[in-house]
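Examining the three-dimensional arrangement
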Amino acid sequence: MSAVLSHPREARLEPITIERVPAVCAIEQQAYTHPWTPANFTDSLVAGYHCQCLVAPNSDEESAPPQRGMRALWGRAALRSANETLIGYFVAMKGVDEVHLLNITVAPAFQGQGWAPLMLEALGGWSRGQNAQWLWLEVRASNLRALSIYERHGFRRVGVRKGYYPAHPNTREDAVVMSLRLYESNSAWGGLK
């Protein structure tokens, strides 16, 4: 069984730092056809946005080389340092009484293991601590997996932004605008109130 494909035993949220931007960008490039640039992440840090990454400590099992033919992160130094493996991250911007989720990503090797809902719950808790009433986001209309996760977490579709995202070749894709009223949430984790 590959350690990359199994659920790490423990993980923690830590701030994205300038030193972590290359690792975050490596995941961003794996996950998206139109990834954020290092400047997008750096600008978010400088602006004071809530930028968090989910990291798991490396175990001895994860230090072993992968078996032939298995998907691996070990060869990608930007994703794995000597001490930790980057599972995912999010960037959110606080407004007056709302928080706008700008980016949430789970490394492809860790998708489907429940990390996105965990990060959404952490973001919801932080947002409530900021006295935000609403959590907003946009998602590509074609990203059915993400739409499903958000809806299970309690987000509602409230609109469409026509041509919001770049697409290939030289076309644009619509974004579905979603919102979550933080004090009426029925999230996958019980809607902390």
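Now for a look at the structure at hand. (Residues numbered from 1 in each chain as written. Predicted model: local features only at pLDDT ≥ 70, side-chain atom pairs only at ≥ 80, totals over all residues. Heavy atoms only, no water.)

**Overview of the pattern of salt bridges**
Inspection of the entire model under this criterion finds eight salt bridges. Here Glu 151 and Arg 157 are joined by a salt bridge, their closest N and O atoms 2.5 Å apart. Classification of Glu 151 by relative accessible area gives partly exposed; the value is 36%. Taken together, the shared-partner salt bridges in this structure form one network comprising Arg 12, Glu 14, Arg 20 and Glu 84. (Salt bridge = Lys/Arg side-chain N within 4 Å of Asp/Glu carboxyl O. Buried < 20%, exposed > 50% of the residue type's maximum accessible area, 1.4 Å probe, protein only.)

**Comments concerning the nonpolar core**
Soluble, globular proteins show a tendency: their nonpolar side chains are buried together. Formed by 43 residues in total, the largest nonpolar core has its most connected members in Leu 101, Val 139, Tyr 150, Phe 155 and Met 178. Of all the elements in the fold, those that place two or more residues in this core are helix 1 (21-31), strand 2 (50-57), strand 3 (84-94), strand 4 (98-106), helix 4 (115-129), strand 5 (134-140), helix 5 (144-152) and strand 7 (171-181). No other element matches strand 3, which puts six residues into this core. With residues up to four places along the chain from it excluded, the contact list for Met 178 reads Leu 135, Trp 136, Leu 137, Val 139, Leu 147, Tyr 150, Glu 151, Phe 155, Arg 156, Arg 157 and Val 158. (Core = buried A, V, L, I, M, F, W, Y, C linked by side-chain atoms within 4.5 Å. Helix = DSSP H or I, 4+ residues; strand = E, 2+ residues; numbered from the N terminus. Contact = heavy atoms within 4.5 Å.)

**Description of helix 4**
Taking 1.5 Å of rise per residue, 15 residues should cover 21 Å, and helix 4 covers 21 Å from first to last C-alpha, within 8% of that figure. Along helix 4, the positions that sit buried rather than exposed are Trp 115, Ala 116, Pro 117, Met 119, Leu 120, Glu 121, Leu 123, Gly 124, Ser 127 and Arg 128. Where helix 4 is buried, its residues meet strand 1 (12-15), strand 2, strand 3, strand 4, strand 5 and helix 5. Immediately beyond the C-terminal end of helix 4, within one or two residues, lies Asn 131, with a positive phi of roughly 65°. (Expected span 1.5 Å × (residues − 1).)

**Observations regarding the sheet that holds strand 1**
Spatially, seven strands are ordered 1-2-3-4-5-7-6 in an open sheet, and the strand pairing comes out mixed. A strand with exactly one partner marks an edge of an open sheet, and here the two such strands are strand 1 and strand 6 (156-167). The mean angle between the axes of side-by-side strands here comes to 30°, regardless of whether they run parallel or antiparallel. The pairing of strand 5 with strand 7 spans seven bridges and is classified as antiparallel. Within strand 7, the residue paired with Trp 136 across the bridge is Ser 179. Strand contacts of helix 5: strand 4, strand 5, strand 6 and strand 7, with the helix running at about 160° to strand 5, the strand carrying the most contacts. (Pairing = 2+ DSSP bridges. Axes fitted to C-alpha atoms, helices over the stretch in contact; angles between N-to-C directions.)

Scope: geometric values only; no functional claims are made or implied.
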